Amino acid sequence: TDDAGLPDFSAPNEFPQALSGLLTEVAAPILRGEVTARILREAEAAVTRGVLFLLRRSEAVAVGCFGIDRPGLLTDQPLTLSLSEASVLTDVLERREAWRGPLLGSDGNLRLLEALGAQGLPRESVVVPMIVGDRVAMLFYGDTGVRVAPLGSLSSLEMLMVESSLEMERETLEARQRTLA
């Protein structure tokens, strides 16, 4: 675990065990339950495909997705992207605010699209951070895919991410209190 009490997903064979521990101990209602489903459902109204990433040190690990034609994305070999290479994900991680616009064809962005099974650059993309405490804990990435229509409104998604981050902070504090008791 790191300073925030979250497991280290960077060790090769620890992903299933670490994710299971995270789900059951610290953020079970957030990642397993209704809140994650609500985030993805809300995002589906605005984007064609989307992925919810959990951030671990220098990696982003997919924990939920829709509209992606890549079997086993979350189960067989969970999608894990390095955050050491510049991309729209690292830009949002650094700025700590949502971003919306056309995705540039940088190496990091192209690697993200390749991992999602995308063909070519989408017309428009969005990345929304979930800030828990003093760090970005999760990122939602979504885009239009090959759809010509622009993205829909994202205000509900952004508000839901803020609400979820507050719930995650509460859950983390409660878990810490239980371990101290």
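Treat the numbers as computed from the prediction; the structure is a model and nothing was measured.

The rules we used
All residue numbers refer to positions counted from 1 along the written sequence of the respective chain. At least 70 in pLDDT is required for a residue's local features to be given in this predicted model, at least 80 for side-chain atom pairs to be given and counted, and no such filter applies to totals for whole chains, interfaces and linings, which use all residues. As a rule here, side-chain values cover all heavy atoms of the structure and leave hydrogens and water aside. In this text, helices come from DSSP runs of H or I with a minimum length of four residues, and strands from runs of E with a minimum of two, each type numbered from the N-terminal end. Remark: exposure states derive from per-residue accessible area (1.4 Å probe, protein chains only) relative to the maximum for the residue type, with buried under 20%, exposed over 50%, and partly exposed in between. In this description, contact between two residues means that some pair of their heavy atoms is separated by no more than 4.5 Å. Aromatic contacts are taken between Phe, Tyr and Trp rings whose centres are within 6.5 Å, Trp giving its six-membered ring; a plane angle under 30 degrees counts as stacked, one over 60 as edge-to-face, and the others as tilted. When DSSP finds at least two bridges between two strands, those strands are taken to pair.

*Asks:* Looking at this model, I keep getting lost on the side chain of Glu124. Mind explaining?
*Replies:* Along the chain, Glu124 turns up in the loop between helix H5 (107-115) and strand E5 (125-132). For Glu124, a relative accessible area of 15% translates into the label buried. Once residues within four sequence positions are removed from consideration, Glu124 is found in contact with Arg100, Gly101, Pro102, Asp143, Thr144, Pro150 and Leu151.

*Asks:* Looking at this structure, I do not really get the packing of aromatic side chains. What am I missing?
*Replies:* For any two aromatic rings, the description comes down to two numbers: the centre-to-centre distance and the angle of the planes. By the definition in use, this model includes one aromatic pair. An angle of 15° between the planes, with centres 6.4 Å apart, marks the rings of Phe66 and Phe140 as stacked. On the criterion of sequence distance, the pair formed by Phe66 in strand E2 (residues 59-66) and Phe140 in strand E6 (residues 135-143) is long-range, its members being 74 residues apart. A relative accessible area of 0% means that Phe140 is categorised as buried.

*Asks:* So what exactly am I meant to see when it comes to the pairing of E5 here?
*Replies:* Within a regular strand, side chains alternate between the sheet's two faces. Counting buried residues along E5, seven of its eight residues qualify, which places the element largely inside the surrounding structure. Pairing analysis gives three bridges linking strand E4 (residues 99-101) to E5, with the strands arranged antiparallel. Looking across to E5, one finds that Gly101 is bridged to Ser125. Strand direction decides the pairing type here: E5 and E6, joined by eight bridges, are antiparallel. Within the sheet, the bridge partner assigned to Val126 lies in E6 and is Gly142. The loop that links E5 with its antiparallel partner E6 comprises two residues; one of these, Gly133, has a positive phi angle of about 65°.

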